[in-house]
Structures are given as C-alpha cells and as structure tokens.
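As a plain string of letters, each chain reads:
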Amino acid sequence: MTKAEVIAEISTKTGIEKADVLMTVEAFFKVVKDSMTEGHNIYVRGFGSFVNKKRARKVARNISKNTSLIIEEHYIPSFKPSKTFVAKIKNSKKVKAVAAKA
C-alpha cells in the first residue's frame, strides 16, 4: 500500500478531504523525522515505537578489492511494533492466506 492509497482510505473512512488528510500525514512524518533527528524516540501506544538504534564501530571488507574499511559508530532509525500489533498480524487470516499463495 502506498502513501497515496493510505491517504485515500483514511479520507474515505473519516469523510475528511484528501488534502486535509495529506497535510496531516505529512505533518506526522515531519514530526517523526525532526524528533528522531534531535535524538528523541516516538512511542505510539498499541502501534509501536520509532527509535534510534546505535550501531557499533566495526571493520568491514570489500571482497572485490580485498581491502578492509572501518565503519564508524552511528545511529539508524528503526521501528519496533508493539506486542498487540504483532499479535494482530500473527492472528490475521488474510495475512496467512496471502503468505500461503506465495
């Protein structure tokens, strides 16, 4: 599902115009990005957490050139779903049906 499809579905279910839904969704993403850039995590009860994960310094190898390079310690954005969200997906009959087709 794309962002446009999500916006269309929210608009249909709530009766709010697509333009207003688009502004709201874009504002949400901006708040998430800005907050995480400042080092803050975002917790949405019943949905999940947007967190910054720390990656340790490590030595990587470029196999084609047979060289080593050092990747410094850094942070990456990550999403951790809540237990209730995970349980809902695990118990979804539609997800199981789609997985069985694949």
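Details of the structure are given in the entry above.
Since the structure is predicted, the reported quantities are computational estimates derived from the model, not experimental observations. (Residues numbered from 1 in each chain as written. Predicted model: local features only at pLDDT ≥ 70, side-chain atom pairs only at ≥ 80, totals over all residues. Heavy atoms only, no water.)

Participant: So what exactly am I meant to see when it comes to the environment of T12 here?
Facilitator: Topologically, T12 is positioned in helix 1 (residues 3-14). By relative accessible area, T12 is classed as exposed at 67%. Looking at T12, its side chain comes within polar contact range of the main-chain oxygen of A8, at 2.8 Å. (Helix = DSSP H or I, 4+ residues; strand = E, 2+ residues; numbered from the N terminus. Buried < 20%, exposed > 50% of the residue type's maximum accessible area, 1.4 Å probe, protein only. Polar contact = N/O pair within 3.5 Å; in protein donor to acceptor, adjacent residues only side chain to side chain.)

Participant: What is the right way to read the pairing of strand 2 (residues 48-55) from this model?
Facilitator: Both faces of the sheet carry side chains from a regular strand, because those side chains alternate between them. Both strand 1 (residues 42-44) and strand 2 contribute to a ladder of three bridges, which runs antiparallel. Of the residues in strand 2, the one forming a bridge with Y43 is S49. Between strand 1 and strand 2, which pair antiparallel and follow one another directly, the connecting turn spans three residues, one of which, G46, has a positive phi of 85°. By the bridge criterion, eight bridges tie strand 2 to strand 5 (residues 74-81) in an arrangement that is antiparallel. Pairing of S49 across the sheet is with K80, part of strand 5. (Pairing = 2+ DSSP bridges.)

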